[in-house]
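Observations on the model geometry
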Amino acid sequence: MLHSLTSKLDKLCGFDSASAHCDIPCKIYDPSGAQVAALSVLRFVDLINELADKTQLSVADHAQLSRLVREKEIHAKKVKDEIVVIWGDYFKQPQFDTFPDISKLVHNILLTGSACKQHIARDKAETLLQLVNQFAAAFWTTKGVETYTATCPYPPSEQVIYPKLN
Amino acid sequence: MFRLKIHRVSGHSMCPTMTHNDYVVCGLWPGYRISVGCVVVVAHPILHVIVKRVKCIDNIGRLALSGDHICSTSTDTMGWVDAHHVIGRVIFRISA
């Protein structure tokens, strides 16, 4: 209530903003970093599950498993960070008006990103990629850039939304 | 001299203390003190108006600032800030 009152005052008086930006605002925003990170999570899940199929794990397998789990968590965190920055710094009222559910989508991405850190289930990693693709499609629409869907030319060979830039 | 100002927070570098679209009330008053750990709104010479936490204060009163979130602009990037650039010490947050 206090916030909505202050918000109304803000519209009347126009309070100055105090930047808590993560960097100097450079206006360079691109969801491809989040998409590649989401693909990486999926790939690491696949590689972990390949190890799970083995009846016995060698020391080298254990070392590989440790590395895969670590990288999976780093990339799931990266997805969350990349999306939060675009949502927080790039999306303003006009973009929120175009995509009123974008905050719900971002929240869903953050929850799914956390689930991908906690689990090794492929369906969670697939969902993460789909959600990030939805976010990318919305982002490019706000830029007036058309998109197309293609299979990425490397493992895990999943469907990715790309911008049509030519 | 009393001065009270309200600022709208833009960005996430002070998460979880404050987040994008929060409002902060900051002020200066006779005898106010800036100490390590307090949150200040600063008119930074390069980054303009920013809200950050005081990380340390050198022996001539300049401030080193930091964000609460790991992705914040680094203390080194922000550099030492003279105390007269402080617009106010954050005394109240209105969360979004």
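Residues numbered from 1 in each chain as written. Chains lettered and ligands numbered in written order. Predicted model: local features only at pLDDT ≥ 70, side-chain atom pairs only at ≥ 80, totals over all residues. Heavy atoms only, no water.

**Considering the packing of aromatic side chains**
As a reminder, the rule being used: Centres within 6.5 Å make a pair out of two Phe, Tyr or Trp rings, where for Trp the six-membered ring is used; the pair is then stacked when the planes are under 30 degrees apart, edge-to-face when over 60, and tilted otherwise. Numbering of helices and strands starts at the N terminus; helices are DSSP runs of H or I of at least 4 residues and strands are runs of E of at least 2. For the exposure calls, accessible area comes from a 1.4 Å probe over protein chains only, and a residue counts as buried if that area is under 20% of its type's maximum, exposed if over 50%, partly exposed in between.
Summed over the entire model, instances satisfying the criterion amount to 9 aromatic pairs over all chains. Ring geometry for Phe-15 of chain A and Tyr-23 of chain B: centres 6.0 Å apart, planes at 80 degrees, overall edge-to-face. Linking Phe-15 of chain A in the loop between helix H1 (2-13) and strand E1 (16-19) with Tyr-23 of chain B in strand E2 (residues 23-28), this pair reaches from one chain into another. For the pair shown, Phe-15 of chain A and Tyr-23 of chain B are each scored as buried. An angle of 65 degrees between the planes, with centres 6.1 Å apart, marks the rings of Trp-29 of chain B and Tyr-32 of chain B as edge-to-face.

**Describing the environment of Ala-125 of chain A**
All names here are of chain A. Applicable threshold: A contact between two residues is defined here by any heavy atoms of the two lying within 4.5 Å.
Here Ala-125 lies in helix H6 (residues 122-142). Once the C-alpha coordinates of Ala-125 and Thr-112 are considered, the two residues, 13 residues apart in sequence, prove to be 7.9 Å apart. Not counting chain neighbours up to four residues away, the residues in contact with Ala-125 comprise Val-41, Leu-42, Val-45 and Cys-116.

**A few points about the side chain of Asp-46 of chain A**
Residues and elements named next belong to chain A. With respect to the helices, strands and loops of the structure, Asp-46 is situated in helix H2 (residues 32-52). A relative accessible area of 17% places Asp-46 in the buried class. Not counting chain neighbours up to four residues away, the residues in contact with Asp-46 comprise Arg-122 and Pro-156.

Read these as spatial facts, not as claims about activity.
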